[in-house]
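# Understanding the architecture of this molecule
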Amino acid sequence: MKAVTANRLIDGEVVFWKQGAWVDGFGDAQLFDAEQGEEVEAAVAAGKAAPTVIVDPYPIDLVAVEGLGLAPVSYRERIRALGPTNELLHGKQAEGGAVVEAIRHASGAARSTGRVDLIRRK
Amino acid sequence: MYQYDVIDREFLTDRSNEFRHQVVRRLAGDLTEDQFKPLRLMNGLYLQLHAYMLRVAIPYGSLNARQARRLAWVARTYDKGYGHMTTRQNVQFNWIKLKDAPDILDALAEVDLHAIQTSGNCIRNTTADPYAGATAEEVDDPRVWSEVIRQWSTLHPEFSFLPRKFKIAITGALTDRAAVKVHDIGLILRRARDGSLGFEVIVGGGQGRTPYVGPTIKQHLPAGSLLSYLEAVLRVYNRHGRRDNIYKARIKILVAALGAEEFGRQVEEEWAKIDQGRADLGDVELARIRGAFAQTPFETLPARSEAFEAAKAASPSLARFARNNVKPHKKPGYAIVEVSLKAIGQTPGDATADQLDVVADLAERYGLDDLRVTHAQNLVLPHIKLDDLPAVHAILEANGLATANIDLVSDIIACPGLDYCALANARAIPIAQDIAKTFADPDRAETIGELKIKISGCINACGHHHVAHIGILGVDKKGEEFYQLSLGGSGAEDATIGKILGPALPADRVAPAIDTLVDTYLAARQGEERFLDTYRRVGLEPFKEAVYAQAD
Amino acid sequence: MPKLIKLVGAKDEHQAQWAEDAFVHVTDEDAIPEAGDVILSLTRFQAEGDTLLSSNSRRVGVRIEPAGEVEALAYDLPRLSLVALAFPKYRDGRAYTSARLLRERFHYEGEIRAVGDVLQEQAGFMVRVGFDAFEPNDGSSPEAWTKAANRFRHVYQRAADVRPIAADERAAQVEESAL
């Protein structure tokens, strides 16, 4: 699965594409499956066509988190979707909820060891 | 301290208005992001992972109480209540909105603060010894010369579009607290045999992808010729520095390619052609700037304070603080007080708005209205009376600011890393927190002694990992955070680039590995050796064996 | 609409205006036109400049790329009406040094024109190092250039212009208050 993300020009907030609009929460992001490559490209193009609203739109890969939902594959994108891991009440994660839990419990698709996830703080 | 006059203030107003105009044009679509980015960067505004980050210059790391309170106000009003001190003596705010940035710059300009040239391919904020004007070691006050350079480099019409960023650091003391040998230009104030003041000029040091300890290209530059000589160095660099590859564009690459001798020759050749009478600052202006720093109203005091000695004998925590955070002052009866922003478990270098206000109050009430930011991400109250130390310590302690760990194992430098920074490959802050917790016992930390751990979240090396006794570099290994350890670096007067210990470690094995390194050092230590001394004597191997044997 | 902006008026107060451009940029592949003022590359100038100049019927300018050294023009400068300094990217700052050297070291008094990726944001820097003509790449107007060139009431360092620097202003203030 994929989603499309960017930063909003006026405040730098991380946003996600949802049916023609840009929304703040990863949980609200429109999800694209492997068949929908053209729609992903269209969303990126829509972002590029709105340079006074959005900066640098791009697609991100998602991974399923067992029993919890979806999360970005890369930990960089997970930190963008949550907020900094040293201040757990700052950024999007402050709201808490199932989406935040899913991202915090996600493990990278590229993981080669059995190590516990990288994002969750001890 | 230097006070801005009407000229400096009007300049900041003009600059702020210019940026406000540029933001309007960007939001209206008259400037593209590609055109706008270099403009906002030259005003210290980055787009990071979660928001814009504003990097405010603290010229030569020096603040007064009013300025510190204004930073606290910005943190409360426009950020989430904290600021982050950087390794270049700047302050960063992590949660800034583009639409607020012009108002913030106006508010900063009211107290003579700005964000000019805190980013971009220009001459950056000049850094200096945070003990300037307070330490008995210095031959001259580096703030004088930093201020000369601040003015000269501000919107320099020839040198604002250099091949790459350009950082200058100055020390007037033999003990180097400004890492001058790993800067694009490092200046060490010295007196010649005839007593004349001059600079040893070091060019082409640096960290990042290709670390170098910079070579000296001039042993004794007469102090009054500083600006003409800098013009010559910058001109040679502007013309001949590489522009085809961002990783090879710093002056260190040019100096290394030409050799220090040939680079020095080209600078001399250019310098000889410059009209020095025109390029150098006149004596009157220099005296004006010097005068501004010479007016610290010290009192005449006895060298020993009975009140302090008695309080110290009665309070183990004050005694510990005095051992680690209180440094000798040039004036009898005064001390330099380091305020650690490295409480165990804290984000290194972060100060809350409330803490900034507390330190501002202390500076105003007890510290001659003077406050410093260090490249090690701590604060300094440079002029505290010994008599006042017990009171100052008590207030610091009540506000979580009395951690007695300066230069000890838990006084860790860490860049913001992947928790905030768009360039980072891995996080730095949680690693620092883990290590600090491992060494939370203050007795053990004192037993270990001086040990400088520095962490960078990517190869750009903002966390100075190359010049750490133990350096830690975050790398992305197939999508996971890994950390490469290096040993034996130093950013001080004995500057050295550290050597890589071995294969990178996963995040959860970093703190245990540091523990192993420390145990290895303690077992091998002779006499009063610091970690660095023992490493230099025994070499990398025993440390490598200990860490990787444990791993298998 | 003309695309050339020139500085007019006093040297310490920059006024920018649209200007007719008598010069034609001639690339190395183009034939040199029969008549009219031309701007040639340094290479082309070194090969054909003497002939063109000796005909005396037209003015000749030379275009210097960022890596080109203005020292190469030292001998010919008195005969050149114009030196065009190229900005392939606006972040390439070598031409600022070239302009300063032309004015300060070689005392060149002809036109120094900024060509290429030329934006109004550079105006303040350009006028201080000696540029007096601009081919803006951002559609900006002379009004914008006038404003940008005069935005800062004070400057801190000596350059190729005659503006008093902050130190001069302070010295003048001291003198005034001493009277």
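Residues numbered from 1 in each chain as written. Chains lettered and ligands numbered in written order. Predicted model: local features only at pLDDT ≥ 70, side-chain atom pairs only at ≥ 80, totals over all residues. Heavy atoms only, no water.

Per an unreviewed UniProt entry, the recorded name for chain C is DUF934 domain-containing protein, and the organism is Caulobacter hibisci.

An unreviewed UniProt entry annotates chain B as Nitrite/sulfite reductase originating from Caulobacter hibisci.

## Looking at the interface of chain B and chain C
Note the threshold: Working rule for contacts: check all heavy atoms of both residues, and any pair within 4.5 Å makes them a contact. Here the quantity called buried area is the accessible surface, traced with a 1.4 Å probe, that two parts lose on coming together, added over both. Salt bridge, as applied in this entry: a Lys or Arg side-chain nitrogen positioned within 4 Å of an Asp or Glu carboxyl oxygen.
If you look at the interface, chain B gives 45 residues, while chain C gives 34 residues. Where chain B abuts chain C, roughly 3900 Å² becomes buried across the two surfaces, and 52% of that area is made up of carbon and sulfur atoms. Considering only the side of chain B, the residues that lose the most area to chain C are P157, F161 and R239 of chain B, jointly responsible for 21% of the buried surface there. Applying the counting criterion to the chain B and chain C interface returns twelve salt bridges. Of the charged contacts, one joins R153 of chain C and D14 of chain B as a salt bridge, the two residues approaching to 2.8 Å between their closest N and O atoms.

## So, the arrangement of the chains
By contact count, the leading pair among the two pairs of chains in contact is chains B and C. The two units chain A and chain C remain apart, with a minimum C-alpha distance of 17 Å.

## A closer look at the pattern of salt bridges
So the rule is basically this: In this description a helix means any DSSP run of H or I spanning at least four residues, a strand means any run of E spanning at least two, and both kinds are numbered starting from the N terminus. With a 1.4 Å probe rolled over the protein chains alone, any residue whose accessible area is under 20% of its type maximum counts as buried; one over 50% counts as exposed, and the rest are partly exposed.
Overall, the coordinates contain 80 salt bridges over all chains when judged by the stated rule. D92 of chain C is the salt-bridge partner of R243 of chain B, the closest N and O atoms lying 3.6 Å from each other. One end of the pair, R243 of chain B, is in the loop between α6 (226-240) and α7 (251-258); the other, D92 of chain C, is in the loop between β6 (82-87) and α2 (94-105), on a second chain. Residue class for R243 of chain B comes out partly exposed when judged on its relative accessible area of 23%. The closest approach of N and O atoms between R79 of chain C and D76 of chain C, which form a salt bridge, is 2.5 Å. Overall, R79 of chain C belongs to the partly exposed group, its relative accessible area being 34%. Overall, the relative accessible area of 12% leaves D76 of chain C in the buried class. Here the salt bridges share partners, and the residues they tie into one network are E158, E231, R235, E270 and R278 of chain B together with R100, E104 and R105 of chain C.

## Remarks on the state of the cysteines
Residue and element names in this part refer to chain B. Where we set the bar: In this description, the term disulfide denotes a pair of cysteine sulfurs within 2.5 Å.
If you walk through the whole model with that rule in mind, you get zero disulfides over all chains. No disulfide involves C415; its nearest neighbouring cysteine sulfur is the one of C462, lying 6.2 Å away. Since its relative accessible area comes to 9%, C415 is described here as buried. Cysteine C421 shares no disulfide, and the gap to the nearest cysteine sulfur, in C458, comes to 6.1 Å. Looking at C421, the relative accessible area reads 17%, which means it is buried.

## Regarding the UniProt feature "domain: Nitrite/sulphite reductase 4Fe-4S" (unreviewed entry) in chain B
Residue and element names in this part refer to chain B. This is how the line gets drawn: UniProt positions are given in the numbering used here, feature names are shortened, and annotations may be inferred rather than shown by experiment.
Taking the numbering used here, the UniProt-annotated feature "domain: Nitrite/sulphite reductase 4Fe-4S" (unreviewed entry) corresponds to residues 119-273 and 409-547. Across residues 119-273, helical content stands at 32% and strand content at 17%; the span's end C-alpha atoms are separated by 31 Å. For residues 409-547, helix accounts for 34% and strand for 19%, while the C-alpha atoms at its two ends are 18 Å apart.

## A short note on the sheet that holds strand β8 (residues 185-191) of chain B
Residues and elements named next belong to chain B. Heads up, the rule is: DSSP bridges decide pairing: two strands pair if at least two such bridges lie between them.
With mixed pairing, five strands are arranged side by side in an open sheet as β6-β7-β8-β9-β10. Each edge of the open sheet carries a strand with a single partner, namely β6 (127-128) and β10 (216-222). Summarising the sheet, β6 and strand β7 (residues 168-171) pair through two bridges and their orientation is parallel. Residue pairing for β7: T127 is matched across the bridge by A169.

## Some words on the interface of chain A and chain B
Taken residue by residue, the interface counts 31 residues in chain A and 41 residues in chain B. Buried surface at the junction of chain A and chain B, summed over both partners, amounts to about 2900 Å²; 54% is from carbon and sulfur atoms. At the surface where chain A touches chain B, the tally comes to zero salt bridges. When residues of the side of chain A that touches chain B are traced back to their parent elements, those giving at least two are β1 (2-8) and α2 (75-82) of chain A. If one sorts the elements of the side of chain A that touches chain B by residue count, α2 of chain A sits on top with four residues.

## Focus: the domain arrangement of chain B
Residue and element names in this part refer to chain B. For clarity, the cut-off: Where each domain begins and ends is defined by an automated method or by a domain database.
As assigned here, chain B comprises domain 1 (6-109), domain 2 (127-294), domain 3 (306-398) and domain 4 (413-551). Inter-centroid distance (C-alpha atoms) of domain 1 to domain 4 is 33 Å. If you look at the interface, domain 1 gives ten residues, while domain 4 gives ten residues. Among the residues of domain 1 in contact with domain 4, Q48, L49 and T87 are the three that bury the most area, contributing 55% of the side total. Our count for the domain 1 to domain 4 interface comes out at zero salt bridges.

## Comments concerning the side chain of Q346 of chain B
All names here are of chain B. This is how the line gets drawn: Polar contacts here mean pairs of N or O atoms no more than 3.5 Å apart (in protein, one a potential hydrogen donor and the other a potential acceptor; neighbouring residues in sequence count only if both atoms are side-chain atoms).
Within the fold, Q346 resides in the loop between β12 (334-339) and β13 (350-352). At a separation of 2.6 Å, a polar atom in the side chain of Q346 contacts the main-chain carbonyl oxygen of D350. In contact with Q346, other than residues within four places in its own chain, are L341 and Q433.

## Observations regarding the sheet that holds strand β1 (residues 45-47) of chain B
Residue and element names in this part refer to chain B. We apply this condition: Interaxial angles span 0 to 180 degrees and are taken between N-to-C directions of axes, which are lines fitted to C-alpha atoms, for helices over the stretch in contact.
Taking strand neighbours across the sheet as the criterion, the five strands line up as β1-β2-β5-β4-β13 in an open arrangement whose pairing is antiparallel. At either margin of the open sheet sits one strand with a lone partner, and together these are β1 and β13. Between one strand and the next, the sheet's axes are offset by a mean angle of 30 degrees, whatever the strand orientation. Note that β1 and strand β2 (residues 52-56) share three bridges and pair antiparallel. When the sheet's bridge partners are listed, L47 is paired in β2 with Y52. Strands β1 and β2 of the sheet are contacted by helix α2 (residues 33-41), whose axis makes an angle of about 130 degrees with β1.

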